[in-house]
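# Working through the structure, step by step
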Amino acid sequence: MANREKIEALLKSSLNGTITTEQVTAAGLHRSVLQKCVDNGEIYRLGRGLYMRSDAWEDDFYLLQCKYGRGIYSHDTALYLHGYSDRTPAQYTMTFPKGYNSCSLKEEKIIVRRAVPENYSLGVVELLSPCGNPLHVYDLEKTLCDILRGSGSDIQIVNAAMKKYAASKGKDIHKLMKYAEHLRVKPKMLRYMEILL
């Protein structure tokens, strides 16, 4: 099988039209094949070690997740992905473990949050992006606690999300309060829930 056919086979097996340098070398190809495909306009480089088919539909959420595998969608972005905000975020918010540093993060149009290990791994779920690709996102209860911590979230978005959650049949108040206590926002959360429930 020729190099170009191998690349084509890798791209076809990818649900979203992306390919990584790692996949190419695992298939026994030299990385220079990728550059030839870029030069021919068949694929384009999205970031370090990540390439995409030129005719594929670009899913910004998924591509950021591929570039920054340690990033978890959080805060206003997580609310949007859960369907608890109708405002498409102008900048995506991702949480990374404390101490994680990548030079290219500063170049992206994302809001970077950091979390200590026990908070970073708390409440991570997999959701589908609007284009149907899998993403790592904080669950709804963790997200509601996060938007009460610190600043940066629009009060209208917070209020609307809290009202929608309180009216939801799928709410888990026990889990919400457990997270709120762990993340030290229990008094704020109690005030919201006492008014809304």
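Residues numbered from 1 in each chain as written. Predicted model: local features only at pLDDT ≥ 70, side-chain atom pairs only at ≥ 80, totals over all residues. Heavy atoms only, no water.

### Digging into the side chain of Asn 133
Within the secondary structure, Asn 133 sits in the loop between strand E7 (124-128) and strand E8 (134-138). For Asn 133, a relative accessible area of 9% gives the class buried. A distance of 2.8 Å separates the side chain of Asn 133 from the side chain of Asp 59, its partner in a polar contact. Not counting chain neighbours up to four residues away, the residues in contact with Asn 133 comprise Asn 16, Asp 59, Tyr 62, Leu 127 and Leu 128. (Helix = DSSP H or I, 4+ residues; strand = E, 2+ residues; numbered from the N terminus. Buried < 20%, exposed > 50% of the residue type's maximum accessible area, 1.4 Å probe, protein only. Polar contact = N/O pair within 3.5 Å; in protein donor to acceptor, adjacent residues only side chain to side chain. Contact = heavy atoms within 4.5 Å.)

### So, the environment of Thr 143
Its location among the elements puts Thr 143 in helix H7 (residues 140-148). Residue Thr 143 is classed as buried on the basis of its relative accessible area of 0%. The sequence separation of Thr 143 and Ser 74 amounts to 69 residues, and the corresponding C-alpha distance is 6.2 Å. Each residue touching Thr 143, except ones within four places of it in the same chain, is listed here: His 75, Ala 78, Leu 79, His 82 and Tyr 138.

### What about the pattern of salt bridges?
A full pass over the atoms with the stated rule returns 7 salt bridges. Glu 8 is the salt-bridge partner of Arg 53, the closest N and O atoms lying 2.4 Å from each other. A residue pair is termed long-range when its members are at least 10 positions apart, and Arg 53 in strand E3 (residues 50-53) and Glu 8 in helix H1 (residues 3-13) qualify at 45 residues. Ionic pairing is found between Lys 186 and Glu 181, a salt bridge with its closest N-O pair at 3.5 Å. Judged by relative accessible area, Glu 181 falls into the exposed class, the value being 52%. (Salt bridge = Lys/Arg side-chain N within 4 Å of Asp/Glu carboxyl O.)

### A short note on helix H10 (residues 186-196)
Restricting attention to buried positions, one finds in H10 the residues Met 189, Tyr 192 and Met 193. The arc that holds every buried residue of H10, seen down its axis, measures 90°, which confines them to one face. Turned more than 90 degrees off the buried face of H10, the exposed positions are Pro 187, Glu 194 and Ile 195. Of the surrounding elements, those touching the buried residues of H10 are H7, helix H8 (155-167) and helix H9 (173-182). (Arc of directions from axis to C-beta.)

### Quick look at the nonpolar core
Core analysis: the biggest nonpolar cluster contains 22 residues, and Leu 79, Leu 144, Cys 145, Met 162, Met 189 and Met 193 have the highest contact counts within it. Listing elements by their share of this core, those giving two or more residues are H7, H8, H9 and H10. Excluding residues that lie within four positions of it along the chain, Leu 79 makes contacts with Tyr 84, Ser 85, Leu 140, Thr 143, Leu 144, Ile 147, Ile 157 and Ala 161. Counting residues in hydrophobic clusters, the runner-up holds 15 residues, among them Tyr 62, Leu 64, Tyr 73 and Ile 110. (Core = buried A, V, L, I, M, F, W, Y, C linked by side-chain atoms within 4.5 Å.)

### Overview of H7
Note that an α-helix has 3.6 residues per turn; residues three or four places apart therefore point the same way. Buried residues dominate H7, accounting for 9 of its 9 residues. Looking at H7, one finds that the buried residues are Leu 140, Glu 141, Lys 142, Thr 143, Leu 144, Cys 145, Asp 146, Ile 147 and Leu 148. On its buried face, H7 is in contact with helix H5 (75-82), helix H6 (117-120), E8, H8, H9 and H10. Of the residues one or two after H7, Gly 150 is the one with positive phi, at around 65°.

### Examining the packing of aromatic side chains
Inspection of the entire model under this criterion finds 6 aromatic pairs. Ring centres 6.1 Å apart and planes at 15° place the aromatic pair Phe 61 and Tyr 80 in the stacked group. Here Tyr 80 lies in helix H5 and Phe 61 lies in helix H4 (residues 60-67), a separation of 19 residues in the sequence. Phe 61 sits in the buried class, given a relative accessible area of 5%. By relative accessible area, which is 23% here, Tyr 80 ends up partly exposed. Ring-pair connections join several aromatic residues into one group, and the members of that group are Phe 61, Tyr 73, Tyr 80 and Tyr 92. It is Lys 142 that lies over the ring of Tyr 138; its NZ or CZ is 3.6 Å from the centre. Cation over ring: Lys 164 sits above Tyr 84, and NZ or CZ is 4.9 Å from the ring centre. (Phe/Tyr/Trp six-rings, centres within 6.5 Å; stacked < 30°, edge-to-face > 60°. Lys NZ or Arg CZ within 6 Å of the ring centre and 35° of its normal.)

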